[in-house]
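# Tertiary structure, described
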Amino acid sequence: MSDVSIESLIEIIKLNKLNIDTQKVKQAFEFAQKAHEGQTRKTGEPYITHPLAVAMTLADLRLDEATIVAGLLHDVPEDTKKTLIDVRKDFGSDVAMLVEGITKLGKVKYRGIERYVENLRKMFIAMAADIRTIFIKFADRIHNLQTIEALDAKKAERIAKETLTIYAPIANRLGINVLKDVLEDLAFQHAYPKEYKNVTALLDGGQKQRDRCYLSVHTAVLDALNKENIQVVSFYGRTKQPYSLYRKLQQHSNDPNKIFDLLAMRLIVPTIQDCYAVLGIINALYRPLPGRIKDYIAQPKPNGYQSLHTTVLCDRSIIEFQIQTPEMHEQAEYGIASHWHYDEEGARISDKDITWVQELARWQEEIKDEKKYLESLKIDVFQNRIFVFTPKGDVIDLPEDSTPVDFAYHIHSDIGNKCASAKINGQIAKLDEKLKSGDVIEIIIDKNRKGPNTNWLKFVKTQQARAKIRQHAPKPVWEQVISGVTEKFGKKK
Ligand code: MN
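Residues numbered from 1 in each chain as written. Predicted model: local features only at pLDDT ≥ 70, side-chain atom pairs only at ≥ 80, totals over all residues. Heavy atoms only, no water.

All right, on to the overall build of the protein chain then. Helix and strand counts for the protein chain stand at 21 helices and eleven strands. Counting only residues that meet the buried cut, the protein chain has 49% of its 493 residues in that class. Considering only intrachain contacts with a sequence separation of at least 6, the fraction spanning at least 24 residues in the protein chain is 65%. If you sum the accessible surface of the protein chain, you get close to 25300 Å²; carbon and sulfur atoms cover 51% of it. (Helix = DSSP H or I, 4+ residues; strand = E, 2+ residues; numbered from the N terminus. Buried < 20%, exposed > 50% of the residue type's maximum accessible area, 1.4 Å probe, protein only. Contact = heavy atoms within 4.5 Å. Areas by Shrake-Rupley, 256 points an atom, 1.4 Å probe, with all protein chains shown as cover.)

Further remarks concern the packing of aromatic side chains. In this structure the tally under the stated criterion is eight aromatic pairs. Between Phe 31 and Phe 91, the ring centres sit 5.4 Å apart and the planes meet at 85 degrees, which makes this aromatic pair edge-to-face. Linking Phe 31 in helix H2 (residues 22-35) with Phe 91 in helix H6 (residues 84-106), this pair joins segments that are 60 residues apart in sequence. By the burial criterion, Phe 31 is buried, and Phe 91 matches it. Ring centres of Phe 188 and Tyr 196 lie 5.5 Å apart, and the angle between their planes is 80 degrees; this geometry places the pair in the edge-to-face category. You can call Phe 188 buried: its relative accessible area is 1%. (Phe/Tyr/Trp six-rings, centres within 6.5 Å; stacked < 30°, edge-to-face > 60°.)

Below, the discussion takes up the coordination of the manganese ion. Four donors placed tetrahedrally about a metal ideally form angles of 109.5 degrees, and six donors placed octahedrally ideally form angles of 90 or 180 degrees. Within the protein, His 50 (NE2), His 74 (NE2), Asp 75 (OD) and Asp 140 (OD) serve as the donor atoms for the manganese ion, at 2.2 to 2.4 Å. Of note, the manganese ion draws all its donor residues from one chain, in the sequence arrangement H-x23-H-D-x64-D. Separated by 90 residues along the polypeptide, His 50 in helix H3 (residues 49-60) and Asp 140 in helix H8 (residues 131-146) bring together distant segments of the chain. (Donors = N, O, S within 2.8 Å, 3.2 Å for Na, K, Ca; no water.)

Glancing now at helix H4 (residues 65-73). Most of H4 sits out of view: eight of its nine residues are buried. Inspection of H4 places Ala 66, Thr 67, Ile 68, Val 69, Ala 70, Gly 71, Leu 72 and Leu 73 among the buried residues, and these make up the whole buried set.

So, on to the packing of H2 against H4. With their axes 8 Å apart at the nearest point, H2 and H4 run at an angle of 15 degrees to one another. In this view, H2 runs roughly parallel relative to H4, as classed from their interaxial angle. For the element pair H2 and H4, the recorded crossing hand is right-handed. Every residue of H4 that contacts H2 at Lys 24, Val 25, Ala 28, Phe 29, Phe 31 and Ala 32 is listed here: Glu 65, Val 69, Leu 72 and Leu 73. (Axes fitted to C-alpha atoms, helices over the stretch in contact; angles between N-to-C directions. Parallel < 35°, antiparallel > 145°, perpendicular 65-115°, else oblique. Left-handed = near helix turned anticlockwise from the far one by under 90°.)

Right, let's get into the side chain of Gln 241. Here Gln 241 shows up in the loop between strand S1 (234-239) and helix H13 (242-251). Apart from the residues lying within four places of it in its own chain, the contact partners of Gln 241 are Asp 181 and Asp 185.

Look at helix H10 (residues 177-191) against helix H11 (residues 193-205): their axes get within 5 Å of each other, and the N-to-C directions meet at 120 degrees. If you check the angle between H10 and H11, you find them oblique. Residues Phe 188, Gln 189, His 190 and Ala 191 of H10 form the contact with H11, whose own contacting residues are Pro 193, Glu 195, Tyr 196 and Val 199. In terms of residue class, the contact of H10 with H11 is made up of five nonpolar, two polar and one charged. (Nonpolar A, V, L, I, M, F, W, Y, C, P; charged D, E, K, R; others polar.)

What follows covers the pattern of salt bridges. Applying the stated criterion across every chain yields a total of eleven salt bridges. One salt bridge connects Arg 132 with Asp 94, and the closest N-O pair in it is separated by 3.1 Å. With Arg 132 in helix H8 and Asp 94 in helix H6, the pair connects residues that are 38 residues apart, well separated along the chain. A single burial state applies to Arg 132 and to Asp 94, both of which are buried. Through salt bridges with shared partners, one network takes in Lys 180, Asp 181, Glu 184 and Arg 238. (Salt bridge = Lys/Arg side-chain N within 4 Å of Asp/Glu carboxyl O.)

Attention now goes to the side chain of Asp 64. As for its placement among the helices and strands, Asp 64 is situated in the loop between H3 and H4. On the basis of relative accessible area, Asp 64 is assigned to the buried category, the value being 3%. Side chain to side chain, Asp 64 and Arg 132 meet in a polar contact 2.9 Å long. (Polar contact = N/O pair within 3.5 Å; in protein donor to acceptor, adjacent residues only side chain to side chain.)

Right, let's talk about the nonpolar core for a bit. Leu 9, Val 25, Leu 73, Val 87, Val 95 and Phe 138 are the most contacted members of the largest nonpolar core, which totals 73 residues. When residues in this core are grouped by element, the largest group, nine residues, is from H6. Once residues within four sequence positions are removed from consideration, Leu 73 is found in contact with Ala 28, Phe 31, Ala 32, Val 87, Phe 91, Val 95 and Val 99. (Core = buried A, V, L, I, M, F, W, Y, C linked by side-chain atoms within 4.5 Å.)

The backbone phi angle of Asn 229 is positive, close to 60 degrees, even though this residue is not glycine. Inspection of the secondary structure assignment puts Asn 229 in the loop between helix H12 (207-227) and S1. Notably, Asp 401 is not glycine yet its phi reads approximately 70 degrees, a positive angle. The residue Asp 401 is located in the loop between strand S8 (395-399) and helix H18 (404-411) in this model.

We now examine the sheet that holds strand S10 (residues 427-429). Read across the sheet, three strands follow the order S10-S9-S11 without closing on themselves; strand pairing throughout is antiparallel. Either end of the sheet is taken by a strand with one partner, and the two such strands are S10 and strand S11 (441-445). Strand after strand, the sheet turns through a mean of 35 degrees between neighbouring axes, direction not considered. By the bridge criterion, three bridges tie strand S9 (residues 419-424) to S10 in an arrangement that is antiparallel. Note that in S10 the partner of Ala 422 across the bridge is Ala 429. (Pairing = 2+ DSSP bridges.)

Overall, the prediction assigns the protein chain a mean pLDDT of 82, with 81% of residues at 70 or greater. Every residue in residues 110-114 is under pLDDT 50, and counting partners more than four places away or in other chains gives six contacts. Within the model, pLDDT remains below 50 along residues 482-493, and this stretch shows zero contacts once partners closer than five positions in the same chain are excluded. (pLDDT = per-residue confidence, 0-100.)

So this is what it looks like as structure tokens:
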């Protein structure tokens, strides 16, 4: 860990060219230092090292001034004599609102895996209020994991498991790969020490072979790209993270030979056109594995991830190539956090086509005025989406004003077609009731039901539900006749 100090924090802000008033940051540091005076962490260090480390992570994520200031102050109302009112007086209502959000989230206590639906629910509600609260919570968790050795084993295990079941999946859903990786990495060894040892041993075992392979592929591909005059922005390899390997092994009956992306090479080129050209060149150089060429540029993943993938065979090693433009790379690593980033000239980076953040993107272009922009961040970035839960705790996102019928069709068309009634948070509800973020939905089905009620078309919100219900709507009389005719003449034997 780099040295934790106010100087390091300011340095990160400058290195990342963040458009932030460092005087304000110093003022927040002094405020927090004074408030936490005399307090120490379990590690024995002065308490201020914790909020400082949190703020440093937020600056690494290139977030805005209010978030970094709130990071420095996040434990003040909970653990010191200073109150939220003091924070608001000195740092304004935007910062105070973020600190309040963190304090509220801190009250969510983890009570075992069976309470995890409840935890998730609260996290998502907080996220809907202001997603910057969640960034601070992630940074807080990272530092708590970095200093986890100071805790007793039982508490450490609890925090580590909670990280793997709640925090990392949310980071993944938001597309913030950098956070997901560090959370999983730090938590895995404390949550499942034995499994961690096995997986890292497996990784170490193949490392020499992968290194050799990496070197030869790197040289060969660069040569080929040079010949074709394709500019390379960046080209590097990385070994699969221990936790993600562990998860994959579980899905593939613990057979390491079925894991195809132990070594991934990421190749960043200037344009989309270059991406497709590179894909062709690589597939000509090496034998691509059948069915492993994936075009996430044409069809991005739900969290916005875009890339071209191809898996090739080199000697005895299997390598996955990930080909992207710099914008796609930024999105892949920072996900929703990338919306806070500035480009070299200090302007906010304009956004790409990520379905559920598209609205936010349009907004950013419209709102040129910085102050107004910061104001607008208080508004839910998921303005047009709601997050609801299955009884098992899976998160389903739906458009605003969706109903239990939309939910049912989202789960499965059969559930939609046979949907008889619904429970929202344990209470029987009408099928056209509007769902709210955080609701837990249970669909009660009638097995004998023939199909959907076409009246549902009056209130469903999703395309999916609409299309399925329409299939069951009575057909106009001429279609009935024609289909009758084909049936008759089709049955020639
Ligand atoms: Mn904290």
